[in-house]
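Fold and geometry: a report
The lines below spell out each chain.
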Amino acid sequence: DAGITQSPRHKVTETGTPVTLRCHQTENHRYMYWYRQDPGHGLRLIHYSYGVKDTDKGEVSDGYSVSRSKTEDFLLTLESATSSQTSVYFCAISELVGLAGRLGYEQYFGPGTRLTVT
Amino acid sequence: AQSVTQLGSHVSVSEGALVLLRCNYSSSVPPYLFWYVQYPNQGLQLLLKYTTGATLVKGINGFEAEFKKSETSFHLTKPSAHMSDAAEYFCAVSGRTGYSTLTFGKGTMLLVSP
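What this report covers is the structure whose coordinates are included nearby. Every value quoted in this text rests on a predicted model; they were computed, and no experiment measured them.

1. Things to note about the state of the cysteines
Any covalent bond linking the sulfur atoms of two cysteines counts as a disulfide. Counting across every chain of the model gives 2 disulfides over all chains. There is a disulfide in this structure between Cys23(A) and Cys91(A), and the S-S distance comes to 1.9 Å. Across the S-S bond linking Cys23(A) and Cys91(A), the dihedral sits near -70°, which makes this disulfide left-handed. With Cys23(A) in strand β3 (residues 19-25) and Cys91(A) in strand β9 (residues 87-97), this residue pair connects regions lying 68 residues apart in the sequence. Bridging Cys23(B) to Cys91(B), the disulfide has an S-S length of 1.9 Å. Its S-S torsion of about -65° marks the bond between Cys23(B) and Cys91(B) as left-handed, since a negative value means left-handed. Residue Cys23(B) is located in strand β3 (residues 19-27), and its partner Cys91(B) is located in strand β9 (residues 87-94); the two are separated by 68 residues in the primary sequence. Across this residue pair, the class does not change: Cys23(B) and Cys91(B) are buried.

Following this line, the structure appears as structure tokens:
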């Protein structure tokens, strides 16, 4: 499972409240990602990080911010939650795998956080 | 820019029948291609990937996929479906660097009947 944990695993919150989701990894991976999964949309990238304090926006970044103050933690914050942010959120890491000449990056996913905004 | 199209949001097969899940991609750079599987209420598990070399790649649970550059396709197949294959399958494309992001298709739900 690439040593990825997400917390909380489930959360119900009210519209307008701030919410922070945590992704923690234990294997010193440099690249980390946040996706959201919604029926009929697959997974869409929210933000990603390519190192401590280095982050960039993804396809659906509006309403979300991220922080990465240390390698092992990547935090996703909803500053003021809305019902449209009800979703399942997945964290992922990217790892270089394979043999010389056939190396390639693979992404491994955490177990997900189910967030409901009422 | 990258995009992935999965034909059919739902595919139904009988146990023992051939499974064929279709994926077409668009990429401005030579891509890496992936298939992930998601069982109910679980995370995503990597099924197989294409990076370089042999265009027919084999994955876990008897699945395989063939990269066809001329058709920009990466269809997933399994000769004989099993009830345990019922899940949602996602095709994804990325670039070739460590910070490359994945672009997913919308997913295909595979239903297997006895």
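2. Here we look at the pattern of salt bridges
On inspection of all chains with the given rule, the structure shows 7 salt bridges over all chains. Across the pair Asp73(A) and Arg22(A) runs a salt bridge, and its minimum N-O distance is 3.1 Å. Taken together, the residues Asp73(A) in strand β8 (residues 73-78) and Arg22(A) in strand β3 connect sequence positions 51 residues apart. The class of Asp73(A) is buried, set by a relative accessible area of 9%. Notably, a salt bridge pairs Lys78(B) with Asp85(B), separated by 2.8 Å at the nearest N-O pair. The exposure class assigned to Lys78(B) is buried, which follows from its relative accessible area of 10%.

3. Things to note about the packing of aromatic side chains
How two aromatic rings sit relative to each other is set out by the distance from centre to centre and by the angle between their planes. Scanning all chains against the criterion turns up 15 aromatic pairs over all chains. Measuring from ring centre to ring centre gives 6.3 Å for Tyr48(A) and Tyr50(A), while their planes differ by 50°; the resulting arrangement is tilted. According to the relative accessible area criterion, Tyr48(A) is buried, its value standing at 13%. Here the aromatic residues Tyr33(A), Tyr35(A), Tyr48(A), Tyr50(A), Phe109(A), Phe34(B), Tyr36(B), Phe90(B) and Phe104(B) are joined through ring pairs into a cluster of three or more.

4. Re the nonpolar core
Residue and element names in this part refer to chain B. Core analysis: the biggest nonpolar cluster contains 27 residues, and Trp 35, Leu 48, Phe 74, Leu 76 and Tyr 89 have the highest contact counts within it. At the level of secondary structure, the elements contributing two or more residues to this core comprise β2 (10-14), β3, β4 (32-38), β5 (44-50), β7 (64-68), β8 (73-78), β9 and β11 (108-113). Aside from chain neighbours lying at most four places away, what touches Leu 48 is Leu 33, Phe 34, Trp 35, Val 57, Lys 58, Gly 59, Phe 63, Glu 64, Ala 65, Phe 74 and Leu 76.

5. What to know about the interface of chain B and chain A
Taken together, the contact pairs 26 residues of chain B with 25 residues of chain A. Summing both partners gives a buried area of about 1800 Å² for chain B against chain A, and 54% of it is carried by carbon and sulfur. Between Lys49(B) and Glu106(A) there is a salt bridge, with the nearest N and O atoms lying 2.4 Å from each other. Across the contact surface, chain B and chain A share 4 residue pairs in polar contact (both at pLDDT 80 or more). Every element with two or more residues in the side of chain B that touches chain A is listed here: β4, β5 and β9 of chain B. With 4 residues, the single largest contributor to the side of chain B that touches chain A is β4(B). Looking at the side of chain B that touches chain A residue by residue, the classes come out as 10 nonpolar, 12 polar and 4 charged.

6. Structural notes on the side chain of Thr113(A)
Residues and elements named next belong to chain A. Its place among the elements puts Thr 113 in strand β11 (residues 113-117). For Thr 113, a relative accessible area of 0% puts it in the buried group. At 2.5 Å, the side chain of Thr 113 forms a polar contact with the backbone oxygen of Pro 8. With residues near it in sequence (within four places) discarded, Thr 113 still touches Gln 6, Ser 7, Pro 8, Arg 9, Leu 21, Ser 87, Val 88 and Tyr 89.

The rules we used
Residues numbered from 1 in each chain as written. Chains lettered and ligands numbered in written order. Predicted model: local features only at pLDDT ≥ 70, side-chain atom pairs only at ≥ 80, totals over all residues. Heavy atoms only, no water. Disulfide = S-S within 2.5 Å. Helix = DSSP H or I, 4+ residues; strand = E, 2+ residues; numbered from the N terminus. Buried < 20%, exposed > 50% of the residue type's maximum accessible area, 1.4 Å probe, protein only. Salt bridge = Lys/Arg side-chain N within 4 Å of Asp/Glu carboxyl O. Phe/Tyr/Trp six-rings, centres within 6.5 Å; stacked < 30°, edge-to-face > 60°. Core = buried A, V, L, I, M, F, W, Y, C linked by side-chain atoms within 4.5 Å. Contact = heavy atoms within 4.5 Å. Buried area = accessible area lost by both parts, 1.4 Å probe. Polar contact = N/O pair within 3.5 Å; in protein donor to acceptor, adjacent residues only side chain to side chain. Nonpolar A, V, L, I, M, F, W, Y, C, P; charged D, E, K, R; others polar.

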